[in-house]
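Each chain, letter by letter, is given below.
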Amino acid sequence: MGVRRDEPGREIEWPGALDVRALLERGWRPTPIRDFILKVHSRCNLACDYCYMYEMADQGWRRQPRRMSRQVVGWAAERIAEHARMNLLPEVEVVLHGGEPLLAGVEHLRHAVETIRAACDPDVRAGFSVQTNGVLLDEMFLDLFAEHGVSVGVSMDGDEEGHDRHRRRANGRGSYQDVRTGLERLTEPRYRHLFGGLLSTIELRNDPIATYEALLEFGPPEMDFLLPHGNWDTPPPGRHPDESTPYGDWLIAIFDRWYEHEADQVRIRLFSEIIRLLFGRMSASEAVGLSPVAVAVVETNGEIEQVDSLKSVYDGAAGTRLHVSRDPFDTVLSLPSVAARQIGRQALSAQCLACDAHEVCGAGLYPHRYKSGTGFRNPSVYCRDLLKLITHIRDVLSRDLAALRAEPAVTVG
């Protein structure tokens, strides 16, 4: 699974024919999985119209049980611990995800955390985070997260008008006020240490500075701006086949404000990762750079999948046909579709390799590269936007470094 196999006579889309055995014979070794995403609940209490889980190509959620059973939690815990020990990993990170994970309930989340911790102890440290829409955040959940050190990330798209464009309930009512209430609880002094950050999906109709300031109001330690999912077959909103760079321009407006005023107070992940890459360091994000992606998803029914954003591409794009009841996570690393995300420059198209920014851009987020016929060996559908953003950040850094070098040296008595 995870590879589109076309009609007889047509070539398998890349990376379906990637020869993993040949890679191993040439000395390549897979990077063990360190991040495990558990789909503890497969439904949501919002009906966001841009959601890759419910509104895009893969409708597999309809076949999933609503909540991950305790049996599946147990299998997943043993497989996570097994993988960490086999690969000598001292720590792993587990994300409680959905749908909306808080729909699983306080006691079920407690069971998941305690079961995984028990399986990993004493030699593997399991860190936990939860990614929530924030609507259900109350003291019962926050007390649980405080007890077990679970970091809390919240999805929010800016001010009330901007947020409620897409993040609505099934009856059409906006969710901003409920999310705000949840965030106000999370940022109380006794819980603030749990605040992991804010995720915001870019909407070109929303003013970038107003969006940024609305998020900044909550004092997040980190925020990130996500490009809406799309690909060459199904372009994202406003991404026309021309020379324009609407998403790059939107992000540059925020970068300039952040860089001048708040860069030492809040981390914006996309910008920080680009800066790391420009200075020759590895990226810790799958959105840019060529670092190996070492993530696995456990679906609500126990199926092992690749990163869930692939559900935006086509039905089955994230699938592996593996299950935590019988398959170790090491098996995932032998799949061509997973190896393709760990081989760096070898996974890039000729067009990307010819670009001076390819080691920083890395062709962007993997799902955004898809084009039927050629598969995932293409530039990002956001190619022009990413190039403009990266070039702008490089130029700003170069300007400031040149200014520093031009300053006269200070002589100490």
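Provided above is the structure to which this section pertains.
Residues numbered from 1 in each chain as written. Predicted model: local features only at pLDDT ≥ 70, side-chain atom pairs only at ≥ 80, totals over all residues. Heavy atoms only, no water.

**Notes on the packing of helix H9 (residues 269-278) against helix H13 (residues 383-406)**
Definition in use: The axes used here are C-alpha line fits, helices contributing only the stretch in contact, and every angle between their N-to-C directions lies in the interval 0 to 180 degrees. Only DSSP runs of H or I with at least four residues qualify as helices, and only runs of E with at least two residues qualify as strands; both kinds are numbered from the N terminus onward. Crossing chirality is assigned from the near helix's rotation relative to the far helix, an anticlockwise turn below a right angle marking it left-handed and a clockwise turn marking it right-handed. Contacts between residues were defined by any pair of non-hydrogen atoms, one from each residue, lying within 4.5 Å. Residue polarity is assigned by list, with Asp, Glu, Lys and Arg as charged and Ala, Val, Leu, Ile, Met, Phe, Trp, Tyr, Cys and Pro as nonpolar; anything else, Gly included, falls into the polar class.
It is at 10 Å that the axes of H9 and H13 come closest, and there the two elements cross at 65°. Where H9 crosses over H13, the handedness of that crossing is right-handed. Contacts from Leu 270, Phe 271, Ile 274, Ile 275 and Leu 278 of H9 reach H13 at Leu 389, Ile 390, Ile 393, Arg 394 and Leu 397. By residue class, the composition of the contact of H9 with H13 is 9 nonpolar, no polar and 1 charged.

**Concerning the pattern of salt bridges**
Worth spelling out the cut-off: A side-chain nitrogen of Lys or Arg and a carboxyl oxygen of Asp or Glu constitute a salt bridge if their distance falls within 4 Å. Relative accessibility thresholds used throughout: buried, under 20% of the residue-type maximum; exposed, over 50%; partly exposed, between the two (1.4 Å probe, protein chains only).
By the definition in use, this model includes 31 salt bridges. Residues Glu 147 and Arg 110 are paired through a salt bridge, measuring 2.8 Å at the closest nitrogen-oxygen approach. With a gap of 37 residues between them, Glu 147 in helix H4 (residues 139-148) and Arg 110 in helix H3 (residues 106-120) connect regions that are remote in the sequence. Among the ionic pairs, Glu 139 bridges to Arg 190, the shortest N-O distance being 2.6 Å. With Glu 139 in helix H4 and Arg 190 in the loop between helix H6 (176-186) and strand S5 (195-201), this residue pair connects regions lying 51 residues apart in the sequence. With a relative accessible area of 41%, Glu 139 lands in the partly exposed category. Several salt bridges converge on common partners, so that one network encompasses Glu 222, Arg 267, Glu 273 and Arg 276.

**Here's the deal with the sheet that holds strand S10 (residues 319-323)**
Selection rule: Only when DSSP finds a minimum of two bridges between them are two strands counted as paired.
The sheet built from 10 strands is open, its strands ordered S7-S6-S5-S4-S3-S2-S1-S8-S9-S10 with mixed pairing. Looking along the sheet, the strands with just one partner apiece sit at the ends: strand S7 (267-268) and S10. Looking at chain direction, strand S3 (residues 125-132) and strand S4 (residues 151-155) are connected through 4 bridges and run parallel. Paired with Gln 131 across the bridge in S4 is Gly 153. Strands S5, strand S6 (222-226) and S7 of the sheet are contacted by helix H7 (residues 208-216), whose axis makes an angle of about 145° with S6.

**Concerning the environment of Asp 327**
Going by this rule: Here a polar contact is recorded for every N or O atom pair within 3.5 Å, except that within protein the pair must consist of a potential hydrogen donor and a potential acceptor, and residues adjacent in sequence are included only if both atoms are side-chain atoms.
Topologically, Asp 327 is positioned in the loop between S10 and helix H10 (336-339). Since its relative accessible area comes to 13%, Asp 327 is described here as buried. Setting aside its immediate chain neighbours within four residues, Asp 327 contacts Arg 79, Ile 304, Arg 321 and Leu 322. Separated by 2.8 Å, the side chain of Asp 327 and the backbone nitrogen of His 323 make a polar contact. For Asp 327, the side chain forms a polar contact with the side chain of Arg 326, separated by 3.1 Å.

**So, the state of the cysteines**
Cut-off, in case you're wondering: Criterion for a disulfide: a pair of cysteine sulfur atoms within 2.5 Å.
The tally for this structure, following the rule as stated, stands at 0 disulfides. Distance from the sulfur of Cys 355, which forms no disulfide, to the nearest cysteine sulfur (Cys 383) is 6.4 Å. Classification of Cys 355 by relative accessible area gives partly exposed; the value is 25%.

**Observations regarding H3**
Using the following cut-off: Under the convention used throughout, the expected extent of a helix is 1.5 Å for every residue step, that is, one less than its residue count.
With 15 residues, H3 should reach 21 Å at 1.5 Å per residue; the first-to-last C-alpha distance of 21 Å fits that figure. Of the surrounding secondary structure, the elements contacted by the buried residues of H3 are strand S1 (35-39), helix H2 (70-86), strand S2 (91-97), S3 and H4.

**Quick notes on the nonpolar core**
For clarity, the cut-off: We call a set of buried Ala, Val, Leu, Ile, Met, Phe, Trp, Tyr and Cys residues a nonpolar core when their side-chain atoms join them within 4.5 Å.
Formed by 92 residues in total, the largest nonpolar core has its most connected members in Phe 145, Phe 225, Phe 271 and Phe 329. Setting aside residues up to four positions removed in sequence, Phe 145 forms contacts with Leu 102, Leu 109, Val 130, Leu 137, Val 150, Val 152 and Leu 194. Listed in part, the 18 residues of the second largest apolar core include Leu 310, Val 313, Ala 318 and Ile 343.

**Describing unusual backbone geometry**
Across the junction of Trp 14 and Pro 15, the peptide omega takes the value 15°, indicating a cis bond. Cis geometry is adopted by the peptide bond preceding Gly 99, which originates at Gly 98 and carries an omega value of 20°. Position of Gly 99 among the secondary structure elements: in the loop between S2 and H3. Positive phi is not limited to glycine here, since Arg 321 has a value of about 65°. Relative to the assigned elements, Arg 321 resides in strand S10. The class of Arg 321 is exposed, set by a relative accessible area of 64%. Here the phi dihedral of Ala 363 falls at roughly 70°; this positive angle occurs in a residue that is not glycine. Tracing the chain through its elements places Ala 363 in the loop between helix H12 (358-361) and H13.

**Side note on the pairing of S1**
For clarity, the cut-off: The handedness rule is simple: strands pointing away from the viewer, and a clockwise path from the first strand over the helix to the second, make the crossover right-handed.
Of all 5 residues in S1, 4 are buried; the element is thus mostly enclosed. Bridge count for S1 against S2 is 5 bridges, and the pairing is parallel. Bridge pairing in S2 links Phe 36 to Val 94. A crossover connection joins S1 to the parallel S2 through H2; in handedness this β-α-β unit is right-handed. Relative to strand S8 (residues 295-298), S1 is paired through 4 bridges, and the arrangement is parallel. Bridge assignment links Asp 35 to a residue of S8, and that residue is Val 295.

**Regarding the packing of aromatic side chains**
Quick note on the threshold: Working definition: a ring pair exists when centres of Phe, Tyr or Trp rings (six-membered ring for Trp) sit within 6.5 Å. Plane angles under 30 degrees give stacked, over 60 give edge-to-face, the rest tilted. Both a distance and an angle decide whether a charge sits over a ring: NZ of Lys or CZ of Arg must be within 6 Å of the ring centre and within 35 degrees of the ring normal.
For the coordinates displayed, the defined rule picks out 12 aromatic pairs. Here the aromatic rings of Tyr 54 and Trp 61 are separated by 5.0 Å at their centres, their planes lie at 80°, and the arrangement is edge-to-face. Across this residue pair, the class does not change: Tyr 54 and Trp 61 are buried. Every member of this aromatic cluster is reached through a ring pair, and the members are Phe 255, Trp 258, Tyr 259 and Phe 271. When the ring centre of Trp 232 is taken as origin, the NZ or CZ atom of Lys 371, which lies over that ring, is 5.2 Å away.

**What about the packing of H2 against H3?**
This is how the line gets drawn: Relative orientations are named as follows: roughly parallel for angles under 35 degrees, roughly antiparallel for angles over 145 degrees, roughly perpendicular for angles from 65 to 115 degrees, and oblique for any other angle.
At a closest axis distance of 8 Å, the pairing of H2 and H3 adopts a crossing angle of 30°. By the criterion of interaxial angle, the relationship of H2 to H3 is roughly parallel. For the pair H2 and H3, the sense of crossing is right-handed. From H2, Arg 70, Val 73, Gly 74, Ala 77, Glu 78, Ile 80, Ala 81 and Arg 85 reach across to H3, where they touch Glu 107, His 108, His 111, Ala 112, Thr 115, Ile 116, Ala 119 and Cys 120.

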